[in-house]
Amino acid sequence: MAIIFDLGRVVVSWDPVGIVSSVRGPDDAEALAERLFNHPDWLEVDRGTLSLHTMARQAQERTGLPAAQNLAILQAVPASLLPDPAMLTLIAELHGAGHTLYALSNMGHASIDWLEQQPFWRFFSGKVVSARVRMMKPEQDIYRYLLVSSDLKADECLFIDDSPANVAAAQALGIGGLVFTDAPSCRQQLLSLGYLPG
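Presented here is an overview of the structure given in this document. None of these values were measured; they are calculated from a predicted model.

Examining the overall build of the chain
Link 1 in the chain: A tally of regular secondary structure across the chain gives 13 helices and five strands.
Link 2 in the chain: Computed over C-alpha atoms, the radius of gyration of the chain comes to 17 Å, within 12% of the 16 Å expected from 2.2 N^0.38 for 198 residues, which places it in the range of a compact globule.
Link 3 in the chain: Reported as C-alpha extents along the three principal axes, the dimensions of the chain are approximately 55 × 30 × 30 Å.
Link 4 in the chain: By the burial criterion, 47% of the 198 residues in the chain qualify as buried.
Link 5 in the chain: Contacts in the chain between residues far apart in sequence, at least 24 positions, make up 59% of those at least 6 positions apart.
Link 6 in the chain: Here the chain displays about 9300 Å² of accessible surface, and carbon together with sulfur accounts for 52% of that area.
Link 7 in the chain: Distance from the positive charge centre (14 side chains) to the negative charge centre (22 side chains) of the chain: 5 Å.

As structure tokens, this is what we get:
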């Protein structure tokens, strides 16, 4: 079987409030993270159609910060994407059990360029990243792109993502789906589905 992983909040951390706090301190970090990242511009960064510099300029009015300070926050994102040790152990076990592993992620260029330096990619047979293909989950085209480009059959795949909407989109194409909450629960579900030896 092919097991397809989302990256942010599944394999690696994604903590917008923590990112803002690391650059500017905790004061107002939650509201600032909301104004900066919960916006269509951030989705366009993930789609690969908007640069971080342009987003930083366009965000000045809604954040109340100069472009340089917005940019400092945005540029702190890649280094904040830290792999979860429990998930890396699980990934190694799944690979050792003979499954082929793939990544399917909504992520901007700077973040995936940074993450590609991580050693965990040795367990993966391929990856599809939104910024590089100009498509995003839960749009069905990105799932189809992964299936076709990696020569996978939908009914021989399992997709793991923390977003129910993203999992539902995969299931609509006949891909098995698992909504991720945390590493122990994910392991237990994979055991019960027979993906890991009991």
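Picking up after the structure, the text goes on.
Notes on the side chain of D161
Link 1 in the chain: By secondary structure assignment, the location of D161 is in strand 4 (residues 157–161).
Link 2 in the chain: Since its relative accessible area comes to 1%, D161 is described here as buried.
Link 3 in the chain: From its side chain, D161 meets the backbone nitrogen of S163 in a polar contact 2.8 Å long.
Link 4 in the chain: Those residues within four positions of D161 in sequence are excluded, and the remaining contacts are D6, V10, K137, N166, V167, L178, V179 and F180.

As for the packing of aromatic side chains
Link 1 in the chain: This model, assessed by the stated rule, comprises eight aromatic pairs.
Link 2 in the chain: Their ring planes at 70° and their centres at 6.2 Å tell us that F5 and F124 sit as a pair that is edge-to-face. On the criterion of sequence distance, the pair formed by F5 in strand 1 (residues 2–5) and F124 in strand 3 (residues 124–129) is long-range, its members being 119 residues apart.
Link 3 in the chain: For F5, a relative accessible area of 0% puts it in the buried group.
Link 4 in the chain: For F124, a relative accessible area of 10% translates into the label buried.
Link 5 in the chain: Three or more aromatic residues joined by ring pairs form one cluster here, namely F5, F120, W121 and F124.

Let's talk about unusual backbone geometry
Link 1 in the chain: At the junction of K137 and P138, the peptide bond is cis and its omega measures out at 0° in the coordinates.
Link 2 in the chain: By the secondary structure assignment, P138 is in the loop between helix 10 (130–133) and helix 11 (140–149).
Link 3 in the chain: Positive phi values are uncommon outside glycine, yet D151 reaches one of about 55°.
Link 4 in the chain: Relative to the assigned elements, D151 resides in the loop between helix 11 and strand 4.
Link 5 in the chain: By relative accessible area, D151 is classed as exposed at 69%.

Here's the deal with the sheet that holds strand 3
Link 1 in the chain: A sheet is described by the order of its strands in space; here five strands give the open sequence 3-2-1-4-5, paired in parallel fashion. Each edge of the sheet is formed by a strand with only one pairing partner; in this case those strands are strand 3 and strand 5 (176–179). The sheet shows a mean angle of 20° between the axes of neighbouring strands, taken without regard to direction.
Link 2 in the chain: Strand direction decides the pairing type here: strand 1 and strand 4, joined by four bridges, are parallel. Within the sheet, the bridge partner assigned to I4 lies in strand 4 and is F159.

Quick notes on the rules
Residues numbered from 1 in each chain as written. Predicted model: local features only at pLDDT ≥ 70, side-chain atom pairs only at ≥ 80, totals over all residues. Heavy atoms only, no water. Helix = DSSP H or I, 4+ residues; strand = E, 2+ residues; numbered from the N terminus. Rg over C-alpha atoms; globule rule 2.2 N^0.38 Å. Buried < 20%, exposed > 50% of the residue type's maximum accessible area, 1.4 Å probe, protein only. Contact = heavy atoms within 4.5 Å. Areas by Shrake-Rupley, 256 points an atom, 1.4 Å probe, with all protein chains shown as cover. Lys, Arg positive; Asp, Glu negative; His and termini not counted. Charge placed at Lys NZ, Arg CZ, Asp CG, Glu CD. Polar contact = N/O pair within 3.5 Å; in protein donor to acceptor, adjacent residues only side chain to side chain. Phe/Tyr/Trp six-rings, centres within 6.5 Å; stacked < 30°, edge-to-face > 60°. Pairing = 2+ DSSP bridges. Axes fitted to C-alpha atoms, helices over the stretch in contact; angles between N-to-C directions.

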